[in-house]
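What follows is the residue order along each chain.
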Amino acid sequence: MTAAPIQGAAGNPLCPPEWLALREPADAEARSADLAAAVAAMLPPGPLRVRDLGCGTGSMGRWLAPLLPGTDGGPRRDQHWVLHDRDPLVLEHALASLPPGVTGEAGPGDLTGLGPDALAGTSLVTPSALLDLLTAGEMDALAATCVAAGAPALFTLSVSGRVRLHPAEPLDAELAAAFDAHQRRDEGGRRMLGPDAPAVAAAAFARHGAQVRTADSPWRLGPDRPALVREWLAGWLDAACTAEPALAAHAPGYRGRREAALAAGELRVEVGHVDVLAAPA
């Protein structure tokens, strides 16, 4: 991969460690258990070497490592995770919080330097909430690298652009479209995939000869997670207004109504994500 350096999720200024901690339970509920079981079944016997790209605080390892079974039916104890992120503080936390019996080490934070040689001996590549930050070229290079290395890849929680709020408001669709435009923004000469990422990833892996499966993995949020809903709503509105400044005049009233509905136990939010599993043919 030869494009500009890519920050991991926790290195993104919109995703501080506090936000990653707040969303971790919702992430764990949303990820596809079916795709996790499928990837567990295709892994070879013996020690595993798993690479978590853009690992943030390590939620993917905490979720997936216990789902990779050993011969005794419990979690495999011969797992070694290589964690990649450009933020050294969250990387340190991620390494310290791997599940019991799982070992780990820090890998290079610049994901664009990973080629087939760097992935030699890798059993599984498994980023989470990363693909929307890539460009189409970077996605194609990552797919080519994984396939050339013979490593399956499980990408979870890539935003799909589908957002539903209940009760609905007329402004919902306009805000969602503006947020999607922000996700597809040009930054430093890089046009990020945003909600196009799941489809682009699936096509890239198929083009390079991999077998691809996808599964919806939406957040379903309500009054049981008020802090997460409020933070998601604030970030969603801020990004939408950045992309479409005319919406800023409507944002305070909209946010007030949504927070009142949340306090009354009436607000429900579904935020679409897609998980992608790609395996060498």
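As the structure is a computational prediction, the values presented were derived from the model and not from experiment.

Enquirer: Describe the overall build of the chain, listing the residues and the values that go with them.
Expert: A count of helices and strands for the chain gives nine helices and ten strands. Computed over C-alpha atoms, the radius of gyration of the chain comes to 19 Å, within 12% of the 19 Å expected from 2.2 N^0.38 for 281 residues, which places it in the range of a compact globule. Taken along its principal axes, the extent of the C-alpha atoms in the chain is 55 × 40 × 35 Å. Counting all 281 residues of the chain, 53% fall into the buried class.

Enquirer: Outline helix 4 (residues 88-96), listing residues and values.
Expert: Restricting attention to buried positions, one finds in helix 4 the residues V90, L91 and A94. Within helix 4, the buried residues cover an arc of 105° as seen down the axis, which keeps them to one side. Those residues of helix 4 that are exposed and angled more than 90 degrees off the buried face are P88, L89, E92 and A96. Packing partners of the buried residues in helix 4 comprise helix 1 (17-30), strand 2 (79-84) and strand 3 (103-106). Where helix 4 begins, the capping side chain belongs to D87, and its oxygen is found 3.0 Å from the backbone nitrogen of L89.

Enquirer: Quick rundown of the packing of aromatic side chains? Include the residues and the values.
Expert: Aromatic ring pairs: the centre-centre distance and the angle between the two ring planes describe each pair. A full pass over the atoms with the stated rule returns four aromatic pairs. With a centroid separation of 5.5 Å and an interplanar angle of 55°, the aromatic rings of F155 and F205 are classed as tilted. In this pair, F155 sits in strand 5 (residues 153-166) while F205 sits in helix 7 (residues 197-207), placing the two residues 50 residues apart along the sequence. With a relative accessible area of 1%, F155 lands in the buried category. A relative accessible area of 1% means that F205 is categorised as buried. Note on W236 and Y254: the rings are 6.4 Å apart at their centroids and 45° apart in plane angle, and the pair reads as tilted. Linking W236 in helix 8 (residues 226-243) with Y254 in helix 9 (residues 251-263), this pair joins segments that are 18 residues apart in sequence. Residue W236 shares its accessibility class with Y254, and that shared class is buried. In textbook terms, an aromatic cluster arises when at least three aromatic residues are bridged by ring pairs, as seen for W232, W236 and Y254.

Enquirer: Could you give an account of the environment of A243, with specific residues and numbers?
Expert: Here A243 shows up in helix 8. Residue A243 is classed as partly exposed on the basis of its relative accessible area, which comes to 33%. Taking the C-alpha atoms as reference points, A243 and A181, separated by 62 residues in sequence, lie 6.4 Å from one another. Once residues within four sequence positions are removed from consideration, A243 is found in contact with A178, A181 and H182.

Enquirer: Can you break down the packing of helix 1 against helix 8 residue by residue, with the values?
Expert: Where helix 1 contacts helix 8, the axes come no closer than 10 Å and their chain directions differ by 120°. Judged by the inter-axis angle, helix 1 sits oblique to helix 8. Pair helix 1 / helix 8 crosses with left-handed handedness. Counted together, W19, L22, R23 and A26 of helix 1 and A227, L228, E231 and W232 of helix 8 form the full contact between these two elements.

Enquirer: So what's going on with the state of the cysteines? Residues and values would help.
Expert: Using the criterion set out here, one finds zero disulfides in the structure. Not part of a disulfide, C146 finds its nearest cysteine sulfur in C55, a span of 16 Å.

Enquirer: Give a description of the pairing of strand 3 that names residues and reports values.
Expert: In terms of strand pairing, strand 2 meets strand 3 through four bridges, oriented parallel. Each bridged residue has a counterpart across the sheet, and for W81 the counterpart in strand 3 is G104.

Enquirer: Could you give me a rundown of the environment of A202, with the residues and numbers involved?
Expert: Tracing the chain through its elements places A202 in helix 7. The class for A202 is buried, based on a relative accessible area of 18%. Through-space distance from the C-alpha of A202 to that of L277 is 8.4 Å; in sequence the pair is 75 residues apart.

Enquirer: Break down the nonpolar core for me, with residues and values.
Expert: Counting residues in each nonpolar core, the largest one holds 30 residues, and the members touching the most others are L175, W219, W232, W236, Y254 and V269. Looking at this core, the elements that each hand over two or more residues are helix 1, strand 5, helix 6 (172-183), strand 9 (219-221), helix 8, helix 9 and strand 10 (268-280). Counting residues per element, this core draws most heavily on helix 8, which supplies nine residues. Non-local contacts of L175, meaning those with residues more than four positions away in its chain, are made with W236, L237, A240, L247 and Y254. In terms of nonpolar packing, the next biggest core, distinct from the first, is built from 26 residues, L111, A153, L193 and F205 among them.

Enquirer: So, unusual backbone geometry: which residues are in play, and what are the values?
Expert: Here H166 and P167 are connected by a cis peptide whose omega angle stands at 0°. Tracing the sequence through the fold places P167 in the loop between strand 5 and helix 6. Not every positive phi belongs to a glycine, and L157 is a case in point at roughly 60°.

Enquirer: How would you summarise the confidence of the model for the chain if you had to cite specific residues and measurements?
Expert: Averaged over the chain, the pLDDT score is 90; the fraction of residues at 70 or greater is 91%. Scored below 50 in pLDDT, residues 1-14 makes 48 contacts in the model with residues more than four places away or belonging to other chains.

The rules behind each value
Residues numbered from 1 in each chain as written. Predicted model: local features only at pLDDT ≥ 70, side-chain atom pairs only at ≥ 80, totals over all residues. Heavy atoms only, no water. Helix = DSSP H or I, 4+ residues; strand = E, 2+ residues; numbered from the N terminus. Rg over C-alpha atoms; globule rule 2.2 N^0.38 Å. Buried < 20%, exposed > 50% of the residue type's maximum accessible area, 1.4 Å probe, protein only. Arc of directions from axis to C-beta. Contact = heavy atoms within 4.5 Å. Polar contact = N/O pair within 3.5 Å; in protein donor to acceptor, adjacent residues only side chain to side chain. Phe/Tyr/Trp six-rings, centres within 6.5 Å; stacked < 30°, edge-to-face > 60°. Axes fitted to C-alpha atoms, helices over the stretch in contact; angles between N-to-C directions. Parallel < 35°, antiparallel > 145°, perpendicular 65-115°, else oblique. Left-handed = near helix turned anticlockwise from the far one by under 90°. Disulfide = S-S within 2.5 Å. Pairing = 2+ DSSP bridges. Core = buried A, V, L, I, M, F, W, Y, C linked by side-chain atoms within 4.5 Å. pLDDT = per-residue confidence, 0-100.

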